[in-house]
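# A look at the structure
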Amino acid sequence: MLHVPELHAMGLHGEGILVCVLDSGFELDHEALRQLDVRAQHDFVFGDEDPSYDRRTDVRTQADHGTAVLSTIAGYAPGKLIGPAYRADYILGKTERISGEKPIEEDHWCAGIEWAEALGADLVLSSLSYNRWYRWSDLDGRTAVTTRAANLAFERGLLIVNSMGNQGQREGSIGAPADAVGAI
């Protein structure tokens, strides 16, 4: 659908691009991620440099979503999975605790955006969405905390690629920061 094989045939694999992925954590020992060039990592939830699963603090599936999202863009396991940008450089930020959705996760996401910008990221990929504590009218492209951060980052030249939400196609399904003017 995205014509990734054609892009690869043209020699485009993500070289020279710094991608930040903000999610629930990452397991880099996954076979599709072993070749990954990771420049920096940070856990914004616990304030350390290790965004992988920690059996002392995380539920067992904590890093599953982030690992899946990362492998979608950066995975390289010929015959199984080849992502569109498997030769890009990456910075990885854990901003979510999957045990419950809390407003502080938006603060972690905003800190992740600032970190990505400071490290020179070209784009931020995020499959996260916040709408539980907002009214539908708040998702107007300028009100939600992460929406404002995404717009500011976009104005400064950072491309934000974010999921719309995970509730399907119906009114109320979009979440912040997907409503940001600068978000794709």
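Everything below is about the structure printed above this text.
Below or above, wherever it landed, is the structure these notes cover. It should be emphasised that the depicted structure is a prediction, and the values quoted were computed from it without experimental measurement. Residue positions within a chain follow its written sequence, with the count starting from 1. Only residues with pLDDT of 70 or above have their local features reported here, since the model is predicted, and side-chain atom pairs are shown and tallied only from 80 upward, although totals for entire chains, interfaces and linings are computed over all residues. Excluding hydrogens and water, the side-chain figures rest on all heavy atoms present in the structure.

### A closer look at the overall build of the protein
- In DSSP terms, a helix is any run of H or I states spanning at least four residues, a strand is any run of E spanning at least two, and both are numbered starting from the N terminus. The secondary structure content of the protein amounts to four helices and seven strands.
- Ordered by position in the sequence, the α and β elements of the protein form the string α-β-β-α-β-β-β-α-β-α-β.
- The size measure is the radius of gyration over C-alpha atoms, and the globule rule it meets is 2.2 Å times the number of residues to the 0.38 power. In terms of overall dimensions, the protein is globule-like: its C-alpha atoms have a radius of gyration of 16 Å, near the 16 Å expected for 184 residues.
- For the C-alpha atoms alone, the extent of the protein along its principal axes is close to 45 × 40 × 35 Å.
- Whether a residue is buried, partly exposed or exposed follows from its accessible area with a 1.4 Å probe, protein chains only, as a fraction of its type maximum: under 20%, in between, or over 50%, in that order. A buried classification covers 50% of the 184 residues belonging to the protein.
- For the protein, contacts bridging at least 24 residues in sequence account for 77% of all contacts bridging at least 6.
- When the accessible area of the protein is evaluated, it comes to approximately 9600 Å², of which 53% is carbon and sulfur surface.
- Within this scheme the basic residues Lys and Arg register as positive and the acidic residues Asp and Glu register as negative, but His and the chain ends are omitted. For charged residues, the charge sits on one atom: NZ in Lys, CZ in Arg, CG in Asp, CD in Glu. Side chains of the protein give 16 positive and 28 negative charges; the mean places of these two sets differ by 4 Å. The contact definition used throughout considers only heavy atoms, calling two residues in contact when any of these lie within 4.5 Å. To measure how exposed things are, a 1.4 Å probe is used in the Shrake-Rupley method; for residues, cover is taken only from the protein chains shown.

### What to know about the nonpolar core
- Nonpolar cores were defined as sets of buried Ala, Val, Leu, Ile, Met, Phe, Trp, Tyr and Cys residues, with membership established by side-chain atoms within 4.5 Å. Cys20, Ile91, Trp109, Ile113, Val124 and Ile160 are the most contacted members of the largest nonpolar core, which totals 22 residues.
- Listed by contribution, the elements that provide at least two residues to this core are strand 1 (18-23), helix 3 (104-118) and helix 4 (145-155).
- When residues in this core are grouped by element, the largest group, five residues, is from helix 3.
- Among the nonpolar cores identified, the runner-up in size contains 15 residues, and Leu70, Ile73, Ala85 and Ala88 belong to it.

### Overview of the environment of Asp122
- With respect to the helices and strands, the residue Asp122 is situated in the loop between helix 3 and strand 6 (123-126).
- With relative accessibility at 35%, the residue Asp122 sits in the partly exposed group.
- In this structure, the C-alpha to C-alpha distance between Asp122 and Ser24, residues 98 residues apart in sequence, is 21 Å.
- Apart from residues lying up to four places away in sequence, Asp122 is in contact with Gly16, Ile17, Leu18, Gly157, Leu158 and Leu159.
- Within 3.5 Å is the distance limit for a polar contact, defined as a pair of N or O atoms, with the added protein rule that one can donate a hydrogen and the other accept it, and that residues adjacent in sequence qualify only through two side-chain atoms. Here Leu18 takes part through its backbone nitrogen, which lies 2.8 Å from a polar atom of the side chain of Asp122.

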